[in-house]
Amino acid sequence: MKPNIVVPPPGPKSMEIVKKDSELLMQSFARWYPLVVKRAYGVWVEDVDGNVYLDFNSGIAVTNVGHAHPKVVQAIKEQAEKYLHYSLTDFLYEEPVKLAEKLSKITPGAFPKKVFYTNSGTESIEAAIKTARGHFRGTRPYIIAFAGSFHGRTYGSLSLTSSKPVQRRHLGPLLPGVYHAPYPYCYRCPFKQRYPECNMWCVDFIEEWMLKKYVPPEEVAAVVIEPIAGEGGYIVPPPEFFKRLRELADKYGFLLIVDEVQSGMGRTGKWFAIEHFGVTPDIIAVAKGIASGLPLGAIIGKAEVMDLPPGSHASTFGGNPVSCAAALATIQVIEEEKLLENATRVGEYAMKRLREMQTEIPAIGDVRGKGLMIGAELVTEKGEPHIKLLQLTLDTAFKKGLLVIGAGQSTIRIAPPLTITQEQMETGLSILEESIKEAQRKL
Ligand SMILES: Cc1ncc(COP(=O)(O)O)c(C=O)c1O
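Procedures and definitions
Residues numbered from 1 in each chain as written. Predicted model: local features only at pLDDT ≥ 70, side-chain atom pairs only at ≥ 80, totals over all residues. Heavy atoms only, no water. UniProt positions renumbered as here; feature names shortened; annotations may be inferred. Helix = DSSP H or I, 4+ residues; strand = E, 2+ residues; numbered from the N terminus. Rg over C-alpha atoms; globule rule 2.2 N^0.38 Å. Buried < 20%, exposed > 50% of the residue type's maximum accessible area, 1.4 Å probe, protein only. Areas by Shrake-Rupley, 256 points an atom, 1.4 Å probe, with all protein chains shown as cover. Lys, Arg positive; Asp, Glu negative; His and termini not counted. Charge placed at Lys NZ, Arg CZ, Asp CG, Glu CD. Domains from an automatic or database assignment. Contact = heavy atoms within 4.5 Å. Buried area = accessible area lost by both parts, 1.4 Å probe. Polar contact = N/O pair within 3.5 Å; in protein donor to acceptor, adjacent residues only side chain to side chain. Patch = residues over 30% accessible without salt bridge, like charges linked within 9 Å, V, L, I, M, F, W, Y side chains within 5 Å. Salt bridge = Lys/Arg side-chain N within 4 Å of Asp/Glu carboxyl O. Near = heavy atom within 4 Å. Phe/Tyr/Trp six-rings, centres within 6.5 Å; stacked < 30°, edge-to-face > 60°. Lys NZ or Arg CZ within 6 Å of the ring centre and 35° of its normal. Expected span 1.5 Å × (residues − 1). Arc of directions from axis to C-beta.

Going by an unreviewed UniProt entry, the protein carries the name Ornithine aminotransferase and comes from Thermofilum adornatum. Heading Cofactor (unreviewed entry) of the UniProt record for the protein holds this comment: "pyridoxal 5'-phosphate". Reading the Sequence similarities (unreviewed entry) entry of the UniProt record for the protein gives the comment "Belongs to the class-III pyridoxal-phosphate-dependent aminotransferase family."

Okay, here's the thing in structure tokens:
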């Protein structure tokens, strides 16, 4: 199967919905191009005009087992026929317990764990912040986050989010007590240093400047970080970064919370991206890929830390039985179809192919990633982010039948379903290559 463009997108039916959408929905989203989805299966997406696209987005890192995987759909149907909802806040049911058992097994750390369910990524971060502060019973109010990160858009998580000014513009004031250190972005080091000669100044900065000058370390509840920055540009920190951060957290007694909302659930070829760094966090926040498209999020943490008292945190829909059934089926599919292995194999192929492309297209300044979380940063001749080239490339790819979006200022974000074959990856990368070249001619 190949992408098949039968009507130049956006076609007439798409345009009708685009028009109504702009009249009826608050336009606080920033869409990359006018894709109007009618159906999606595996790595394919069909629009309302009958065009078929190859998907490098996975509904923004959600449909890791492929769109509408039959086993996930079956699990949803079976659960929906039993009951849809009763509310875990006041009663009990089995599905969230079964899922917690499974999540405890697939997350790093051989210690007793507890799970709290949410409905989205932002709520998982809210839950993580509350759990960390609550665990220290009010004695440690501060949170350290990283400039360049994305953690969600509700007020707690937004106070950590810092990848674009628009996310905060006119929306303050935000949660007090959040301090940002620069995200470890070696390609554009915020400290203008070079790795490894820098000797990880980005971690020393936290201790030498933040904790010794304006953030009392004994009042810090947690450091919250994405193991690989998603919205911020698909940025992979240097190998020893997390070991050093873990040491810092242990030295001063605060928690290490990793936001795996985008990087988790197999996306990077391991269940969780933090495993690439050989570090065990205290709390892991997940959402997106956990239930293949049904709303579900969770935090999984050390049992001793997950100790908010009754009544202090809950959510009517969190741990919804249909979402939990979808999540259990999702995990089963990842295991049965060996999708971690596939993500590693196809991801390595993609990185190699993109690096080959780089020799012919110098505008691809940097290629980075793990598994199927891959970024290719587009740059000008001066090495600055090439924002215009990114937009033109994505538009061109869309018109040729490839769905791919950006991250950070000018990074092509490659996050296809983990089921993608090498052949399908090659099809997508060839379209991408043509699209960059065509976009360069249009500039
Ligand atoms: C790393 C990370 N954290 C949190 C979120 C917020 O998730 P949600 O949109 O489900 O609230 C996102 C969403 O893109 C994310 O990438």
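What follows picks up the thread again.
Novice: Is there a simple way to think about the overall build of the protein in this case?
Specialist: Of the regular secondary structure elements, the protein holds twelve helices and 15 strands. Expected size for 443 residues packed as a compact globule is a radius of gyration near 22 Å; at 22 Å, the protein falls within 12% of this value. Along the three orthogonal principal directions, the C-alpha set of the protein runs to about 60 × 60 × 45 Å. Taken over 443 residues, the protein has a buried fraction of 55%. Total accessible area on the protein stands at roughly 19,300 Å², and carbon and sulfur atoms take up 56% of it. When the 51 basic and 49 acidic side-chain charges of the protein are each reduced to a single mean position, those positions are 2 Å apart.

Novice: For this particular structure, what's the right way to read the domain arrangement of the protein?
Specialist: When the parts of a complex come together, some accessible area is lost, and that lost area is often used as the size of the interface. Domain boundaries in the protein define domain 1 (12-65 + 338-442) and domain 2 (71-336). Measuring from the centre of the C-alpha atoms in domain 1 to the corresponding centre in domain 2 gives 25 Å. In this assembly, 36 residues from domain 1 lie in contact with 34 residues from domain 2. Both sides of the domain 1 and domain 2 interface together cover about 2,700 Å² of buried area, and 58% of this is carbon and sulfur.

Novice: Hey, could you run me through the environment of S124 in this one?
Specialist: Structurally, S124 can be placed in helix α5 (residues 121-135). Separated by 262 residues in the primary sequence, S124 and H386 place their C-alpha atoms 33 Å from one another. Beyond its immediate chain neighbours, meaning those up to four positions away, S124 contacts T118, A285, V286, A287, G297, A298 and I299. Looking at S124, its side chain comes within polar contact range of the main-chain nitrogen of A298, at 3.2 Å.

Novice: Which parts of the structure should I look at to understand a nonpolar patch on the surface?
Specialist: Where nonpolar side chains cluster on the molecular surface, the patch consists of L24, L25 and F29 and spans about 320 Å² of accessible area. Mapping L25 onto the fold places it in the loop between α1 (12-24) and β1 (37-41). Assessed through its relative accessible area of 39%, L25 is described here as partly exposed.

Novice: What am I meant to see in unusual backbone geometry here?
Specialist: Working note: non-glycine residues mostly have negative phi, and peptide bonds are mostly trans. Note that the residue after P9, namely P10, is joined by a cis bond; omega there is 0°. With respect to the helices, strands and loops of the structure, P10 is situated in the segment before α1. Between G172 and the following residue, P173, the backbone shows a cis peptide bond with an omega angle of 0°. Looking at the secondary structure, you find P173 in the loop between α6 (155-158) and β6 (178-182). A positive phi angle, near 55°, is found at M265, a position not held by glycine. Assignment of secondary structure puts M265 in the loop between β8 (255-259) and β9 (283-286). By relative accessible area, M265 is classed as buried at 1%. We note that K338 has phi near 50°; this positive angle belongs to a residue other than glycine. On the secondary structure map, K338 appears in the loop between α9 (321-336) and α10 (339-360).

Novice: Before we go on, may I ask you to explain the site of the ligand in this structure?
Specialist: Near the ligand you find S120, G121, T122, F150, H151, G152, E226, E231, D259, V261, Q262 and K288, and these make up its full shell. A distance of 3.5 Å separates a nitrogen atom of the ligand from a polar atom in the backbone of F150. Between the ligand and E231 there is a distance of 3.4 Å, counted from an oxygen atom to a side-chain nitrogen or oxygen. Surface burial for the ligand is 82%, taken as the share of its 390 Å² of free accessible area covered by protein chains.

Novice: Where do I start with the packing of aromatic side chains in this structure?
Specialist: Two aromatic rings, taken as a pair, are described by how far apart their centres are and by the angle between their planes. If you walk through the whole model with that rule in mind, you get 13 aromatic pairs. Ring geometry for Y83 against Y93: centres 5.7 Å apart, planes inclined by 80°, an arrangement best described as edge-to-face. Taken together, the residues Y83 in the loop between α3 (70-82) and α4 (94-106) and Y93 in the loop between α3 and α4 connect sequence positions ten residues apart. Judged by its relative accessible area of 25%, Y83 is partly exposed. With a centroid separation of 4.9 Å and 65° between ring planes, the pair formed by Y86 and F91 is classed as edge-to-face. Residue class for F91 comes out partly exposed when judged on its relative accessible area of 42%. An aromatic cluster is built from F146, Y183, F241, F242 and F277, whose rings are joined through pairwise contacts. Here K113 stacks its cationic end above the ring of F111, 5.6 Å away from the centre of that ring. Just above the ring of F136 sits the side chain of R140; from NZ or CZ to the centre is 5.0 Å.

Novice: For this particular structure, what's the right way to read helix α8 (residues 241-252)?
Specialist: Because an α-helix completes one turn every 3.6 residues, residues spaced three or four positions apart along the sequence face the same direction. Here α8 spans 17 Å end to end across twelve residues, near enough to the 16 Å set by a 1.5 Å rise per residue. Every buried residue of α8 is accounted for by F241, F242, L245, R246, L248, A249 and Y252. For α8, the angular spread of the buried residues around the axis is 160°, confining them to a single face. Here the buried face of α8 lies against β5 (142-147), α7 (201-214), β7 (220-225) and β8. Phi turns positive one or two residues past the end of α8, at G253, with a value near 80°.

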